[in-house]
Amino acid sequence: MRTVKILAGVVGAIIGLFVAGLLAVWLLVNPNDYKGRIAAAVKESTGRELVLRGDIKLSVFPWVALELGRASLGNPPGFGEEPFLAFNHASVRVRLFPLLAKRLEIDRVEIDGLDLRLRKNAEGAGNWENFGAAQGQTAAAKAGGEKGGGQLPQLAGVRITHGRVSYDAIVVEHFNLEAGAFAEHGVTPISISFDANRGVADENVTLKAQFDLSGDVQTKHLRLEAVSLSGFLGHPGDGRTPWEMSAPVIASLSSA
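Remember, predicted model here, so these are calculated numbers, not experimental data. (Residues numbered from 1 in each chain as written. Predicted model: local features only at pLDDT ≥ 70, side-chain atom pairs only at ≥ 80, totals over all residues. Heavy atoms only, no water.)

So what exactly am I meant to see when it comes to the overall build of the protein chain here?
Broken down by element type, the protein chain carries four helices and 16 strands. Counting every position in the protein chain, which comprises 256 residues, the buried fraction comes to 28%. Taking the intrachain contacts of the protein chain between residues at least 6 apart in sequence as the baseline, contacts between residues at least 24 apart amount to 48%. Approximately 16,300 Å² of the protein chain is accessible, and the part contributed by carbon and sulfur atoms is 60%. (Helix = DSSP H or I, 4+ residues; strand = E, 2+ residues; numbered from the N terminus. Buried < 20%, exposed > 50% of the residue type's maximum accessible area, 1.4 Å probe, protein only. Contact = heavy atoms within 4.5 Å. Areas by Shrake-Rupley, 256 points an atom, 1.4 Å probe, with all protein chains shown as cover.)

Right, here's the structure in full:
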C-alpha cells in the first residue's frame, strides 16, 4: 500500500509539473513573436509565401488550441501575385492528453471568409499542385501514400462559412459547409450551400445539399446516403426556376 501511495504521489507531481509548464507557456509565450519563423517553415515545406496579417492566439489546456486572424497563402512562381487562398479567421483544437499518448483527436476545424482562387498556367499546371518545396519530396509523398494509409486522425468536424471559390470564369460564392465527425469506417453528416455562376449575366445556380458520407480507405470507395439536393436555376430572361432531387443511396463512388 505504501508503494502505491508513493507511486501515486510521484505521478501526481509529474502531472502537476507538466500542467504548470503548459500554463507557463500559455502565459509567457506570445505566438505572434514567431510569425516570421512560421512563415519561413511554410515557405520551406510548400514553396509558398504565408502572410499572417491577423493575430495568433494559443491556448494549451484542456485543448491545444490555435486561432489565426486574417492570413493568406501565395501562389507558386508563374501564377501572379494574387494569393492562392486567404481567410478571415481559422481555428483548430487538439485534445491534449490523447496527444501525449500519440493519438491525434481534433475538435472541429473552423474557417471563415475562405477565398480560394484556382488557376492554371500556360503549361496547364494548376496552382493547387505540387505543394512540396521540391519535386522529389512530392514524388516521395505520393509513393508513401500509395502504400496504404495508416489510421486516420479523429476529427470532430469541419465548418466553412462565407466562402468563395473561383476558377477561370466560374465563381462559387456564399459557400457554407458543415461536416460532422470524420473517422475511419464512420458516417459523416454533411451540409453544403452555395451560389454559382460562370460569368453570364442572370445565369446562376443555387444549391443546398444534405447527405451522409461514408467510405472505405482501403478500397477507396465512397457511399452517400439520405441524399437531398435543392436549389434554383437562373437563365437570362427566364427568372429563377426551383429544382430538387433526392436519393436514398448513391454508392460505389471511387475516391481515387
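Before we go on, may I ask you to explain helix H2 (residues 35-46) in this structure?
Note on helix geometry: an α-helix contains 3.6 residues per turn, so any two residues three or four positions apart are oriented the same way. Spanning 12 residues, H2 covers 16 Å between terminal C-alpha atoms, matching the ideal 16 Å at 1.5 Å per step. Phi for Gly-47, located one or two positions after H2, is positive at around 80°. (Expected span 1.5 Å × (residues − 1).)

Quick question: what am I supposed to make of the pattern of salt bridges here?
For side chains of opposite charge, pairing can occur when their charged atoms come near one another. Tallying each qualifying case throughout the model produces 12 salt bridges. Its salt-bridge partner being Arg-159, residue Glu-178 comes within 3.5 Å of it at the nearest N-O pair. Pair noted here: Glu-178 is in strand S12 (residues 170-179) and Arg-159 is in strand S11 (residues 158-167), with a separation of 19 residues, a long-range link. Taken together, the shared-partner salt bridges in this structure form one network comprising Glu-82, Asp-115, Arg-117, Arg-119, Arg-164 and Glu-173. (Salt bridge = Lys/Arg side-chain N within 4 Å of Asp/Glu carboxyl O.)

Would you mind going over the side chain of Glu-203 with me for this structure?
Among the structural elements, Glu-203 can be located in the loop between strand S13 (187-197) and strand S14 (204-216). A polar atom in the side chain of Glu-203 sits 2.4 Å from the side chain of Arg-198. Leaving out residues up to four positions away in the same chain, Glu-203 has contacts with Asn-197, Arg-198, Gly-234 and Pro-236. (Polar contact = N/O pair within 3.5 Å; in protein donor to acceptor, adjacent residues only side chain to side chain.)

Quick question: what am I supposed to make of the environment of Leu-73 here?
Mapped onto the elements, Leu-73 comes out in strand S4 (residues 71-73). Along the backbone, Leu-73 and Leu-50 are 23 residues apart, and their C-alpha atoms lie at a distance of 4.6 Å.

Any chance you could explain the packing of aromatic side chains here in plain terms?
What characterises a pair of aromatic rings is the spacing of the ring centres plus the angle enclosed by the ring planes. By the definition in use, this model includes two aromatic pairs. Positioned above the aromatic ring of Phe-84 is the side chain of Arg-48, whose terminal nitrogen or guanidinium carbon lies 5.0 Å from the ring centre. The aromatic ring of Phe-232 is capped on one face by Arg-240, whose charged end is 4.5 Å from the ring centroid. (Phe/Tyr/Trp six-rings, centres within 6.5 Å; stacked < 30°, edge-to-face > 60°. Lys NZ or Arg CZ within 6 Å of the ring centre and 35° of its normal.)

I keep staring at the pairing of strand S6 (residues 89-95) and nothing clicks. Help me out?
Side chains on a regular strand alternate between the two faces of the sheet. When strand S3 (residues 63-68) meets S6, the two strands line up antiparallel, connected through six bridges. Paired with Leu-68 across the strands is Ala-90, a residue of S6. Relative to strand S8 (residues 109-112), S6 runs antiparallel, the two being bridged by three bridges. Along S8, the bridge assignment pairs Ala-90 with Ile-111. (Pairing = 2+ DSSP bridges.)

Just geometry here; none of it tells us what the structure is for.
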